[in-house]
Amino acid sequence: EETTFIDVLRELLALVEAEPVPRAETPAPPTPLGPLKGTGYRFRGRWQPCQTAKEVLTGVLRDLAREDAQFPSRLAAVSNVRGRKRRYVAQRAEDLYPGRPDLANESVEFASGWCVGTNISNDGKTRLLQDACQASGLQWGKDLVITLG
C-alpha cells in the first residue's frame, strides 16, 4: 500500500491532537518596584509621581540632600566641570544665569543654601541627575530611575 500525502497529514494531525507538547513557561520580565508610567522617579525602591520634569529634578536632589549634607557641594563640583557655559548648581541663584537677571526666578532651592537652575531641557535635567548619581555613589538606572513624561 502506498502512503499518500493525505495519510501523512492525518498522522501528523493525530499526533498533535493526541498529546499536546507542553510549552515551557516563559517567565515574565521583572517589573520595577512601583510604576514607571507618566512623570516621576523611583528612588531606593519608592516610586514618586510628579507633575513635571522640574518636579522630578528637584525632588531627586532634595532626597539626596536629605540623606547627605555634603551632597550639594559634590554635585556642584561634578556638574560644573563639563565645559558648560553656566552652572546648574550654585549657592546663589544669580550665579545660575549670569547676565540674565530675567531668569533668576528659574531656580529652586533644593538644600539649605543650594539652588538648581530649572530652565534647562529634559536632556539637561537627565544629565544633571546622572551627575547626581555620580556625586552620591548611586547607580544610574538601578538606584535611581526617572521618567520625564
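Computed from a predicted model, the values in this text were never measured in an experiment.

(A) How the structure looks around the overall build of the protein. When its secondary structure is counted, the protein shows four helices and six strands. If you list the helices and strands of the protein from N to C, you get α-β-β-α-α-β-β-β-α-β. Classification of the 149 residues of the protein by burial places 37% in the buried group. Nonlocal contacts in the protein, meaning residues at least 24 apart in sequence, comprise 50% of its contacts between residues at least 6 apart. With an accessible surface of roughly 9800 Å², the protein has 52% of that area assigned to carbon and sulfur atoms.

(B) Focus on the pairing of strand β2 (residues 46-49). Alignment of strand β1 (residues 39-43) against β2, held across four bridges, turns out to be antiparallel. If you follow Gly40 over to β2, its bridge partner there is Pro49. The hairpin turn running from β1 into β2, its antiparallel successor, is two residues long, and Arg44 in that turn takes a positive phi close to 50°.

(C) A look at the sheet that holds strand β4 (residues 107-111). An order of β3-β5-β4 is seen for the three strands of this open sheet, with the pairing classed as antiparallel. The open sheet has two edge strands with one neighbour each: β3 (89-90) and β4. Bridge analysis of β4 against strand β5 (residues 114-117) gives four bridges, and the strand direction is antiparallel. When the bridges of β5 are listed, Val108 appears paired with Val116.

(D) Inspection of the nonpolar core at higher detail. Ranked by size, the top nonpolar core spans 31 residues in total, and within it Leu61, Phe71, Leu75, Val89 and Phe110 carry the most contacts. Mapped onto this core, the elements with two or more residues apiece are β1, α2 (53-67), α3 (71-79), β4, β5, α4 (122-136) and β6 (144-148). Dropping the residues within four chain positions of it, Val89 is found in contact with Pro72, Leu75, Ala76, Ser79, Asn80, Leu96, Phe110, Trp114, Cys115, Val116 and Leu128. Counting residues in each nonpolar core, the second largest holds six residues, with Ala90, Ala93, Leu96 and Leu103 among its members.

(E) Region of the structure containing the pairing of β6. Most of β6 sits out of view: five of its five residues are buried. Here β6 shows a buried face lined by Leu144, Ile146 and Leu148 and a second buried face lined by Val145 and Thr147. In terms of strand pairing, β1 meets β6 through five bridges, oriented antiparallel. Bridging across to β6, Tyr41 finds its partner in Ile146.

(F) Quick peek at the side chain of Lys125. Examined against the element boundaries, Lys125 turns out to sit in helix α4. No salt bridge forms around the buried Lys125; measuring N to O, its nearest opposite-charge neighbour Glu106 is 8.1 Å away. If sequence neighbours within four positions are ignored, Lys125 has contacts with Ala53, Lys54, Leu57, Thr118, Ile120 and Leu148.

Reading the values: the criteria
- All residue numbers refer to position in the chain's written sequence, counted from 1.
- With pLDDT at 70 or above as the cut-off, local features in this predicted model cover only qualifying residues; side-chain atom pairs require 80 or more to be listed or tallied, and sums for whole chains, interfaces and linings still use all residues.
- Neither water nor hydrogens contribute to the side-chain values; these are computed over all heavy atoms in the structure.
- In this text, helices come from DSSP runs of H or I with a minimum length of four residues, and strands from runs of E with a minimum of two, each type numbered from the N-terminal end.
- When a residue's accessible area, from a 1.4 Å probe over protein chains only, is under 20% of the maximum for its type it is buried; when over 50% it is exposed; and in between it is partly exposed.
- By definition in these notes, contact holds between two residues if any of their heavy atoms fall within 4.5 Å.
- Only the protein chains shown count as cover for residues, with accessible areas throughout obtained via the Shrake-Rupley method and a probe of 1.4 Å.
- Whether two strands pair comes down to DSSP finding at least two bridges between them.
- By nonpolar core we mean a set of buried residues, namely Ala, Val, Leu, Ile, Met, Phe, Trp, Tyr and Cys, connected to one another through side-chain atoms within 4.5 Å.
- Just so you know, the count uses Lys and Arg for positive and Asp and Glu for negative, and it drops His and the chain ends.
- In the sections that follow, a salt bridge refers to a side-chain nitrogen of Lys or Arg positioned within 4 Å of a carboxyl oxygen of Asp or Glu.

The values are spatial; any link to function lies outside them.
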